[in-house]
Amino acid sequence: MRNIQKIADELDRMQNKGQWEEGAAYISFLLQKKGEAFSRDAASCLLSKQGYFLLFCGRIAEAAAAYLEAVRVAQQIEHKRMYYSGYLMASHYLLDISDEELAERHFAYNQFFRSEDELQHDREEHRRHEKIRLGYLSGSFKDHVTSCFLMQLLALADRSRFEIYCYDESGMDDAAAAQMKDLGHTWRNLASSGTREKAEAIQADGIDILFELGGHTDGGRGLAVLGYKPAPVQITGIGYMSTSGLRAVDYYLTDVFLDPPGVGEAYFSEKLLRLSRSHFCYTPFETIYKASIDWQPHQPLVFGCFNNSSKISDEMLRLWLEILRCVPDSRLLLKSWTPKAMRKRALAVGYRPQEIEVREMTLDYVHEYMDMDIALDTYPYTGGGTTCEALYMGVPVVTLAGTRHGARFGLSLLENVGLGELAAQNEQEYIERAVALARDRELLAALHTRLRPMMQVSPLMDGRGYVREMETAYEQIWEKWLG
């Protein structure tokens, strides 16, 4: 047992230092040389951790394979669910996976649940509620990007029609958590509860509609709770870019840009709850809200991307290089968990040393948006929170829109802010639109000045309009369940 704890401590140390390659190699050594000494639970845990480290190294296919092997080796169903969620997360970064294959992988998640384990609900008992009891289940009631999209749903809730319950899976006590608690809704800390206990606690509150916001992020903890059907009507969305694959979930939140009517339904196990504008509303953290825009045009021009560096494939680097070569002397600014490795990859695909700058990934980086002129979105795993941050800081974003929900976040955000022309439908358009914007210095300067006010009056920050549309949707699906 001491040896297992020693290994865990060493891996935590490597993770905290961002030693992703070293950590992945260390786990490979342990599994190859000492594999027989580990129990199946310990081996599956190591494989899952290896998948996590490999993801940050950008070795996506290997990461997905490690997670899948962890599922196979694990004995406990809770662990199988968690590791399979990691496998699904990793699958989003793959370039060669079709929309159909990604959906099928998600649908297979349902194999880890049994319908006979689902909790039961009495329609007449729910019908007696004076207000709709609406629960939000999340591990992001804290300083996390998802809370930026949750805030307005809590702050502007119509308390004459809804009773709001917040089910916190993180138990964090930071400024963001305190701000949400101060709104006065019923708060339940479920951080130390088991999955079934969480479900039973939610059922005991008589929740009518339960909205889970994390999907398969963070090991799919919230989705595993939904698998027990603690509420008669269940929704997922916002924090994850694909279907849950879970038949116990009734609806998936989307909008007309992410999933146009008649497009994409086959890739969801849920019914689509489609909003007419944006499927989420952005509320900046205070540090971003108060951040000043003191941008000055750069000579030569600087393109940039602050998306999670795991989203940056060699193919993406090559596409950006084509853009740079069309804009003389321009360069690319990135942030990465492994800056040396990212720079090495960029040089290997043809960047000149002066064309690429890679900074360490940090938590306090909003001021660094002033160091770029144009943000370039990743594909097929696009930005969400980072795109909102860039736009709010006055930086225009060029995106490449795909055919599935998760590859169209940039398109939805740009359409909602009034810059749909910056969303390309193919790689050639992506290059052309980035280059055209780079060459139009007058337009570029105007956007840096006007983007924040444009965003503030757009559906992306129209809290009241967004919450009213959401609450109307809640009422409609509730009436449908009541019959």
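To start, this report covers the structure provided alongside it. (Residues numbered from 1 in each chain as written. Predicted model: local features only at pLDDT ≥ 70, side-chain atom pairs only at ≥ 80, totals over all residues. Heavy atoms only, no water.)

So, on to the overall build of the protein. Along the backbone of the protein there are 19 helices and 13 strands. Radius of gyration (C-alpha) of the protein: 23 Å, near the 23 Å computed for a compact globule of 483 residues. By its C-alpha atoms, the protein is 70 × 60 × 40 Å across when sized along the principal axes. Expressed as a percentage of the 483 residues in the protein, the buried residues total 57%. Considering only contacts within the protein whose residues lie at least 6 apart along the sequence, 71% involve residues at least 24 apart. Summing over all exposed atoms, the protein offers an accessible surface of approximately 20400 Å²; the carbon and sulfur share of this is 49%. Between the averaged position of the 54 positive side-chain charges in the protein and that of its 68 negative side-chain charges there is a distance of 3 Å. (Helix = DSSP H or I, 4+ residues; strand = E, 2+ residues; numbered from the N terminus. Rg over C-alpha atoms; globule rule 2.2 N^0.38 Å. Buried < 20%, exposed > 50% of the residue type's maximum accessible area, 1.4 Å probe, protein only. Contact = heavy atoms within 4.5 Å. Areas by Shrake-Rupley, 256 points an atom, 1.4 Å probe, with all protein chains shown as cover. Lys, Arg positive; Asp, Glu negative; His and termini not counted. Charge placed at Lys NZ, Arg CZ, Asp CG, Glu CD.)

Along the chain, L363 turns up in the loop between β10 (356–360) and β11 (374–376). Taking the C-alpha atoms as reference points, L363 and R441, separated by 78 residues in sequence, lie 30 Å from one another.

The next subject is the sheet that holds strand β13 (residues 423–424). On the basis of which strands lie adjacent, the open sheet formed by 6 strands has the order β10-β9-β8-β11-β12-β13 and parallel pairing. Edge positions in the sheet fall to β10 and β13, since each has one partner strand and no second. Sheet analysis places β11 next to strand β12 (residues 397–400), joined by 2 bridges and oriented parallel. In the sheet register, L376 faces β12, and the bridge partner there is V398. This element, helix α16 (residues 409–417), spans β12 and β13 of the sheet and lies at about 135 degrees to β12. (Pairing = 2+ DSSP bridges. Axes fitted to C-alpha atoms, helices over the stretch in contact; angles between N-to-C directions.)

Here we take up the nonpolar core. Core analysis: the biggest nonpolar cluster contains 166 residues, and Y136, F303 and W320 have the highest contact counts within it. The residues contacting W320, other than those within four sequence positions of it, are C305, I312, L332, L334, Y351, L376, D377, T378 and Y430. (Core = buried A, V, L, I, M, F, W, Y, C linked by side-chain atoms within 4.5 Å.)

The next point concerns the packing of aromatic side chains. Tallying each qualifying case throughout the model produces 26 aromatic pairs. Seen in terms of ring centroids, W20 and F56 are 4.2 Å apart; in terms of plane orientation they differ by 15 degrees. Their pairing is stacked. Residue W20 is located in helix α2 (residues 20–34), and its partner F56 is located in helix α3 (residues 40–57); the two are separated by 36 residues in the primary sequence. As far as the burial class goes, W20 and F56 line up, both buried. Directly above the ring of Y381 sits K311, whose terminal nitrogen or CZ lies 4.4 Å from the centroid. (Phe/Tyr/Trp six-rings, centres within 6.5 Å; stacked < 30°, edge-to-face > 60°. Lys NZ or Arg CZ within 6 Å of the ring centre and 35° of its normal.)

This part takes up the pattern of salt bridges. Evaluation of the coordinates by the stated rule reveals 31 salt bridges. The partner of R404 in a salt bridge is D99, and the shortest N-O contact between them spans 3.0 Å. In this pair, R404 sits in the loop between β12 and α16 while D99 sits in helix α6 (residues 99–107), placing the two residues 305 residues apart along the sequence. Each member of the pair, R404 as well as D99, carries the same accessibility label: buried. Between R274 and E265 there is a salt bridge; the shortest N-O distance is 2.8 Å. (Salt bridge = Lys/Arg side-chain N within 4 Å of Asp/Glu carboxyl O.)

One can describe the packing of α3 onto helix α5 (residues 77–91) by two numbers: an axis separation of 11 Å at closest approach and a directional angle of 20 degrees. Between α3 and α5, the interaxial angle falls into the category roughly parallel. Helix-helix and strand crossings are classified by hand; for α3 and α5 the assignment is left-handed. Residues D41, S44, C45, S48 and L55 of α3 form the contact with α5, whose own contacting residues are H79, Y83 and A90. Of the residues contributing to the contact of α3 with α5, the split by class is 4 nonpolar, 3 polar and 1 charged. (Parallel < 35°, antiparallel > 145°, perpendicular 65-115°, else oblique. Left-handed = near helix turned anticlockwise from the far one by under 90°. Nonpolar A, V, L, I, M, F, W, Y, C, P; charged D, E, K, R; others polar.)

The parallel open sheet is built from 7 strands, whose spatial order is β3-β2-β1-β4-β5-β6-β7. Only two strands of the sheet have a single neighbouring strand rather than two, namely β3 (186–189) and β7 (271–275). Sheet twist, expressed as the average angle between the axes of neighbouring strands with direction ignored, equals 25 degrees. Of the strand pairs in this sheet, strand β5 (residues 233–236) and strand β6 (residues 251–255) are connected by 2 bridges, and their pairing is parallel. Looking at β6, one finds that I235 is bridged to Y251.

Now for the pairing of strand β9 (residues 331–336). Summarising burial for β9: 5 of the 6 residues are buried, a large majority. Pairing of strand β8 (residues 302–305) with β9, which is carried by 4 bridges, proceeds in the parallel orientation. What sits directly across from V302, in β9, is R331. What joins β8 to β9 is helix α13 (residues 314–326), and the crossover it makes is right-handed. As a crossover connection, the stretch from β9 through helix α14 (residues 339–348) into β10 is right-handed. (Right-handed = clockwise from strand over helix to strand, strands pointing away.)

Between helix α15 (residues 385–392) and helix α18 (residues 441–456), the least distance of the axes is 7 Å, while the angle of their chain directions is 120 degrees. Judged by the inter-axis angle, α15 sits oblique to α18. Packed against α15, whose contacting residues are C388, L391 and Y392, the element α18 presents L451, R452, M455 and Q456 at the interface. Residue composition of the contact of α15 with α18, by class: 5 nonpolar, 1 polar and 1 charged.

Right, let's get into the side chain of S458. Note that S458 resides in the loop between α18 and α19 (463–482). Among the polar contacts made by the side chain of S458, one reaches the main-chain carbonyl oxygen of M455 at a distance of 2.8 Å. Beyond its immediate chain neighbours, meaning those up to four positions away, S458 contacts N416 and V417. (Polar contact = N/O pair within 3.5 Å; in protein donor to acceptor, adjacent residues only side chain to side chain.)

This paragraph deals with α3. Its 18 residues give α3 an end-to-end C-alpha distance of 25 Å, which sits within 8% of 26 Å, the value for a rise of 1.5 Å per residue. Counted residue by residue, α3 has 13 buried out of 18 residues, so it is predominantly covered. Downstream of α3 by a residue or two, G58 has a phi angle that is positive, lying close to 85 degrees. (Expected span 1.5 Å × (residues − 1).)

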